[in-house]
Amino acid sequence: MLPKMGSLEAGHITKSDHPNPLLPRASSSSLRSRPRSRLPRLFRSSRIDYLQWISSVSIFLSFVIFFHLYLPGSSPGKDKGFGLKDVGVMDDYEGLVKVRELGGLDFGFDVRFRPAKFVRRFRKEDLGVFNVSSSLSLPLRRFGHLKPRLAMIFGDLLVDPEKLLMVTIACALQEIGYDIQVFSLEVGPVHDVWKNLGVPVSLIESCDKTEVQIDWLSFSGIIVDSIESRGVFSCFLQEPFKSLPLLWTIHDVSLAHRLKQYNSTGQIELLNSWKKMFSRATAVIFPNYALPVVFSSYDSGNFYVVPGSPAEAWEADHELNTYKENLREKWSIGPTDVVVAVVGSQFLYKGLWLEHALILRAMVTLLPLFPSDSSSTLKVIFLCGNSPSNYSSVLETIAGNLRYPQGVVQYQAVDKDSDNILRMADLVIYGSFLEEQSFPGILIKAMRFGKLIIAPETCEIKRYVTDGVNGYLFPKNDFKILRRVLVHVISKGKLSGEAEKIAANGRHSALNLMASETVEGYAMLLNVILRLPSEVISPKDMKEIFPESKEGWKWRLFENVSSATYETRYFRSETFLNKVEELWNLTQRERLSLTTAVGDSFFYNIWEDERYNELAASRKRREDQEIKDRSDQPHGTWEDVYKSVKKAERTKNELHEREERELERTGQPLCIYEPFLGGGVRPFLHVSSLYRGISLSTKGRRAGVDDIDGPSRLPILNNPYYRDLLGEFGAFFAIANRIDRIHKNQWIGFQSWRATARKGSLSKAAEETLLHAIQRKRHGDALYFWVRMDEDTRNPLHQEFWSYCDAINAGNCRFAFSTALKSMYGLTQDVDSLPSMPVDGDTWSVMQSWVLPTRSLLEFVMFSRMFVDALDAHMYDEHHRSGRCYLSLSKDKHCYSRVLELLVNVWAYHSARKMVYVNPETGAMQEQHGLLTRRGKMWVKWFSYATLKSMDEDYAEEFDSDKPRKRWLWPLTGEIVWHGTIEKEMSQRHQQKEKRKQQSREKIERIKKRHHFKTIGKYVKPPPGGEEDSTNITTAQAR
């Protein structure tokens, strides 16, 4: 049910060139050249005879004065368009054509919704793909080992047309290659439907109440159905899930009404919470073109329409099967009366009355078929949008001028008993000549009610209605045909047999109307917004699947599912919004009462504490003064005072209370750090003495947990560009930067939160086994890891190292490694600089989950800093400018993070370190790539500590001596140390120490040179019980 829209000349509405603007521009050229429909053509056509024109003009002149005052959306004195002074222009044929040109009437022809910003954004991104590949002259390959995964989220699994829509879409998406998983906040009968389709269903709780342990990054995209899924949205408002493509479908207008109410009643916080959801969605999808107009105030450039829904057919069948009462008796309409319902567009515009006048003028030919002495009468009911209440008077005046009998023509608002009127009607006429962007939903419902429809020959209507087969069509510029159709379908006071047969055909065709277009619309939208990595296969085109998979709604899947709990979409939305408001108001009241109670007690406690402190301080001052007067004051040197103050300042920060886990961590040999970004991954982080979190963002730290603030240790992490680009390597660099200040254990490890999300983290047994092996030094200087490359979900074919690396990096991993190593070591271009990673039946580490000695970590970080710097120097210009690099098929802010994920394997293998796999469940250990099998294959010379240390000192000396002005990443990723730096720091510390001593000596000399006055006297308090006349003042001689 749509609210009154008034004049739709402003707002987020533009002229549409193509009903599907995401298609390539070339495909829309033919449609763009198509002549646009205009109501004035109605009068230009030579097929309107002279007598029809004369009668129309005479009717118009007779009541223009009256209904001009009641035009929908206008008021007297404000409309300066067509009025009484312009009646003179109607004296000839051209005057009638000028009705619209005068501006007094608006026929809604320019009302179009077009997602201009949405389309422009994705077209620009698609254009950039070709620019990157051509500018770098590198082929970007898609390997396609995995299916794209989609998550569908529902508020419940109850039976309704929206679930039928999503099941139909899911079936088609499965056919073209998508892998789908369903999540729901509540159970319901539709669970069995998904189960029969082979789609896994998981029940989750609202993210507002608990932390949902789901790795949403494992999905290529998210589809959130309806406003009832509100509780899950907070999961996607936090990093690292904020950039995940998300489609949100809205099916009705109830939320728009509430948002308007929240704005007027001052419920700004509740309003803003919904606005955040609108802004977060990649695309907000509507099933018709009227809804985005209603929600236009909240459009952030992400509104999109995929027309079509089974809702109208579902609701029509539900009403026919549920309600059996005699509506005609209720409405005082006889069983033999012929009821004609005139419906129209969902949009309301000023020219609506003229269209209705023309329809009534054509229906005059039916009046002779219903004489006054006949047992049947004619009833014409106009169903309009929320027109002004006096619009019924306008229709009565038009009907009176056309000599309709009293009571034949009636008016009814669409949102009031409209379904009952359609069920009573024998004939439904679509009385709007507006070129709709999709097939009108009210006609679908009328057809499913089994009613014969007559509609103008607009592009969208004639696309689905065949004249004389499942309905009747008439040209907009020839009302003689409309009169002939009316006379043909009504015979002897009732519908003819042929008309009933055509109505039955219409009922059958309405069952699956627009199903194919809806399925294709969702598939095309997903194809546009999803950015699939190179290891994921592109879905097939919809043309490649069988037609029966997309040409109808999946009604058969719901045949055996109980729909006893079915409620209309509008009623369910209203009920849900009421619950949201109640919960919100309850939360606000609790917060207010708690704040008031805490505030009162807080201020009283403050006053009590302050009063007690003042009394205690006063008593202490008196006692100190008395003691001071009776004792000698020892005096020390100023040097002693200075030293004691400095000592107190140094020890002040060491007196803080240490956390229990921090104390336990001090005595153990290993600490495993878990890098994370944002609150979305908190459910996957451990809370124990063995683990410690390190946040890559200052805002994302957990409350009450001793997480490390990464940006405070490595300032470059404050830069979002490098924070996303480095990923977990940013945590490695932050920990290694002055590591002795934060890490005092002999061994150090890292574990990705994604390993925990995929059930690949260490169990308690594996942790104990690993600690035991470390303490016993079973494998010496080794790299322990517990996430295997051959079991990674991205490697279903169990590829070898470099093939796997190429598969997840658009086929250019080897090139990136080779280029970076050449730059690091200064090799010539003709030298093969790709280290060998042999295929020997063993596996490698992925997901940055490993443990090694702390000293070895510093060596690995030393190598990694130079490697990352070489990669950055090679890719920065292109990636920083366009967001693209040759390691990804699309824009990717994590460009070379997948290369860095595998870097530890190259370093550990070629630096002759043992590599040991730890089973994360049992703790069983197995050495990989034995040292004896590596002989002759390792690049020990290039990865030795002496070589890397020499290179690191060269980098440090260059930076410290030359101070290069060029952009250079290496100095920003850690310490800059060489022997010259150490000597310089020692010299600076010595100079600062001497300067402080000199300042202290000067201060002492100034104090000694001050002039001191002799003591005049002191007041001595008399002893208790002394004589009253004794003197109270004693003079003390100055010393």
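Each chain has its residues counted from 1, following the order in which its sequence is written. Two thresholds apply to this predicted model, a pLDDT of at least 70 for residue-level local features and 80 or more for giving and counting side-chain atom pairs, whereas whole-chain, interface and lining totals are computed over all residues. Side-chain metrics rest on all non-hydrogen atoms present in the structure, leaving aside hydrogens and water.

Q: I tried to follow the sheet that holds strand S16 (residues 670-676) on my own but got confused; where do I start?
A: Hydrogen bonds between backbone groups are what pair the strands of a sheet, and the pairing can be parallel or antiparallel. Two strands are said to pair when DSSP picks up at least two bridges between them. By definition, any uninterrupted DSSP run of H or I lasting at least four residues is a helix, any uninterrupted run of E lasting at least two residues is a strand, and each is numbered from the N terminus. Pairing within the open sheet is mixed, and its eight strands lie in the order S18-S17-S16-S19-S21-S20-S22-S23. Lying at the two open borders of the sheet, with one neighbouring strand each, are strand S18 (708-709) and strand S23 (925-928). Note that strand S20 (residues 782-785) and strand S21 (residues 850-853) share two bridges and pair antiparallel. Bridged to Tyr-784 within S21 is Val-851.

Q: Help me understand helix H10 (residues 268-280) in this model?
A: Owing to its 3.6 residues per turn, the α-helix brings residues three or four apart onto one side. Any helix carries an expected span of 1.5 Å times its number of residues minus one. An ideal rise of 1.5 Å per residue puts 18 Å on 13 residues; H10 measures up with 18 Å between its terminal C-alpha atoms. Throughout, exposure labels follow a simple rule: accessible area from a 1.4 Å probe, protein chains only, divided by the maximum for the residue type, with under 20% read as buried, over 50% as exposed, and the rest as partly exposed. All of the buried residues along H10 are Leu-270, Leu-271, Ser-273, Trp-274, Met-277, Phe-278 and Arg-280.

Q: I tried to follow unusual backbone geometry on my own but got confused; where do I start?
A: Glycine aside, residues mostly have negative phi angles, and peptide bonds mostly take the trans form. Cis geometry marks the peptide bond from Glu-239 to Pro-240, where omega comes out at 5°. Considering the arrangement of structural elements, one finds Pro-240 in the loop between helix H8 (230-233) and strand S5 (246-249). Its identity as a non-glycine residue notwithstanding, Lys-759 has a phi of 60°, on the positive side. In this fold, Lys-759 is placed in the loop between helix H28 (753-757) and helix H29 (764-776). Assessed through its relative accessible area of 69%, Lys-759 is described here as exposed. Although it is not a glycine, Lys-777 sits at a positive phi angle of roughly 55°. Looking at where Lys-777 falls in the secondary structure, it is placed in the loop between H29 and S20. In this structure Lys-777 comes out as exposed when scored by relative accessible area, which is 66%.

Q: Teacher, can you tell me more about a negative patch on the surface here?
A: Only residues whose relative accessible area exceeds 30% and that form no salt bridge are eligible for patches; like-charged ones are grouped when within 9 Å, while nonpolar side chains (Val, Leu, Ile, Met, Phe, Trp, Tyr) are grouped when within 5 Å. Each accessible area is a Shrake-Rupley estimate made with a 1.4 Å probe; only the visible protein chains count as cover when residues are assessed. Whenever Lys or Arg places a side-chain nitrogen within 4 Å of a carboxyl oxygen from Asp or Glu, that contact is recorded as a salt bridge. For the charge count, each Lys or Arg is scored as positive and each Asp or Glu as negative, with His and the chain ends excluded. One atom stands in for each charge, and that atom is NZ of Lys, CZ of Arg, CG of Asp or CD of Glu. A cluster of acidic residues, Asp-954, Glu-957, Glu-958 and Asp-962, forms a negative patch at the surface. With respect to the helices and strands, the residue Glu-958 is situated in helix H36 (residues 945-962). Looking at Glu-958, the relative accessible area reads 35%, which means it is partly exposed.

Q: Is there a simple way to explain the state of the cysteines in this structure?
A: One covalent bond between the sulfur atoms of two cysteine residues makes up a disulfide. Pairs of cysteine sulfur atoms within 2.5 Å are identified as disulfides in what follows. Counted according to the given criterion, the structure contains three disulfides. The disulfide bridge from Cys-207 ends at Cys-235, spanning 1.5 Å between sulfur atoms. Measuring handedness by torsion sign, the sulfur bridge of Cys-207 and Cys-235 sits at about -65° and is left-handed. On the criterion of sequence distance, the pair formed by Cys-207 in the loop between strand S3 (201-203) and strand S4 (221-225) and Cys-235 in the loop between H8 and S5 is long-range, its members being 28 residues apart. By the burial criterion, Cys-207 is buried, and Cys-235 matches it. Shown here is the disulfide that connects Cys-805 with Cys-813, its sulfur atoms set 1.8 Å apart. Measuring handedness by torsion sign, the sulfur bridge of Cys-805 and Cys-813 sits at about 75° and is right-handed. The class for Cys-805 is buried, based on a relative accessible area of 0%. The exposure class assigned to Cys-813 is buried, which follows from its relative accessible area of 0%. Counting its disulfide-bonded cysteines in sequence order, the chain shows a connectivity of 1-2, 3-4, 5-6.

Q: Can you help me understand the packing of helix H14 (residues 352-363) against helix H19 (residues 479-489) in this one?
A: The geometry of a pair of packed helices is captured by two quantities: the angle between their axes and the separation between those axes. Inter-axis angles, ranging from 0 to 180 degrees, are taken between N-to-C directions of lines fitted to C-alpha atoms, where helices are fitted over the stretch in contact. Orientation of H14 relative to H19, taken along the N-to-C sense of each, is 50°, at an axis distance of 9 Å. Compared by their axis directions, H14 and H19 come out oblique. H14 and H19 meet at a crossing whose hand is right-handed. On the side of H14, the interface is formed by Leu-358, Ile-359, Ala-362 and Met-363, while H19 contributes Phe-479, Leu-482, Arg-483 and Leu-486. Partitioning the contact of H14 with H19 into residue classes produces seven nonpolar, no polar and one charged. Should an angle fall under 35 degrees it is called roughly parallel, over 145 degrees roughly antiparallel, and 65 to 115 degrees roughly perpendicular, with every other angle called oblique. Left-handed describes a crossing in which the near helix is turned anticlockwise from the far one by less than a right angle; the clockwise case is right-handed. The contact criterion used throughout is that any non-hydrogen atoms of two residues lie within 4.5 Å. Three classes are used: nonpolar for Ala, Val, Leu, Ile, Met, Phe, Trp, Tyr, Cys and Pro, charged for Asp, Glu, Lys and Arg, and polar for all others, with Gly counted as polar.

Q: What's the story with the side chain of Ser-516 in this structure? I'm lost.
A: Within the fold, Ser-516 resides in helix H21 (residues 515-529). Note on Ser-516: relative accessible area 16%, which makes it buried. Those residues within four positions of Ser-516 in sequence are excluded, and the remaining contacts are Lys-550 and Glu-551.

Q: Any chance you could explain the pairing of strand S12 (residues 452-456) here in plain terms?
A: Two faces, one strand: in a regular strand the side chains alternate between the faces of the sheet. With five of its five residues buried, S12 lies for the most part within the structure. Bridging between strand S11 (residues 427-430) and S12 involves three bridges; their strand directions are parallel. Bridging from a neighbouring strand, Val-428 pairs with Ile-453 of S12. Here the term right-handed applies to a crossover when the path leading from its first strand over the helix to its second strand runs clockwise, the strands being oriented away from the viewer. Read as a crossover between parallel neighbours, the route from S11 over helix H17 (residues 441-448) to S12 is right-handed. In terms of strand pairing, S12 meets strand S13 (residues 472-474) through three bridges, oriented parallel. Paired with Ala-455 across the strands is Leu-473, a residue of S13.

Q: Help me understand the sheet that holds S11 in this model?
A: Strands sit in the order S10-S9-S8-S11-S12-S13 across an open sheet of six strands; the sheet is parallel. Each of the sheet's edge strands pairs with one partner strand only, and the pair in question is strand S10 (409-413) and S13. Averaged over all pairs of adjacent strands, the angle between their axes in this sheet comes to 20°, without regard to strand direction. Across the sheet, helix H15 (residues 391-401) lies against strand S9 (378-384) and S10, angled at about 160° from S10, the strand it touches most.

Q: Where do I start with the nonpolar core in this structure?
A: Nonpolar side chains tend toward joint burial in soluble globular proteins. The set of buried Ala, Val, Leu, Ile, Met, Phe, Trp, Tyr and Cys residues whose side-chain atoms join them within 4.5 Å is what this entry labels a nonpolar core. Ranked by internal contacts, the top residues of the largest apolar core, which has 102 residues, are Tyr-784, Trp-850, Phe-863, Phe-867 and Tyr-896. Counting residues per element, this core draws most heavily on helix H32 (residues 854-882), at twelve residues. In contact with Phe-863, other than residues within four places in its own chain, are Leu-821, Met-824, Tyr-825, Leu-903, Trp-907, Phe-943 and Leu-948.

Q: Please explain the pattern of salt bridges as it appears in this structure.
A: Once the charged atoms of two side chains with opposite charge are near each other, the side chains can pair. One pass over the full model with this rule turns up 30 salt bridges. Between Arg-758 and Asp-215 there is a salt bridge whose closest N-O contact spans 3.9 Å. In this pair, Arg-758 is assigned in the loop between H28 and H29 and Asp-215 in the loop between S3 and S4, connecting sequence segments 543 residues apart. Among the salt bridges present, the one from Glu-460 reaches Arg-463, with a minimum N-O distance of 3.7 Å. Of this pair, Glu-460 and Arg-463 both sit in helix H18 (residues 459-464), separated by three residues, roughly a single helical turn. For Glu-460, a relative accessible area of 10% gives the class buried. Assessed through its relative accessible area of 48%, Arg-463 is described here as partly exposed. In this structure, a network of salt bridges that share partners links the residues Asp-215, Arg-754, Arg-758, Asp-792, Arg-794 and Glu-901.

Function cannot be inferred from these measures alone, as they are strictly geometric.
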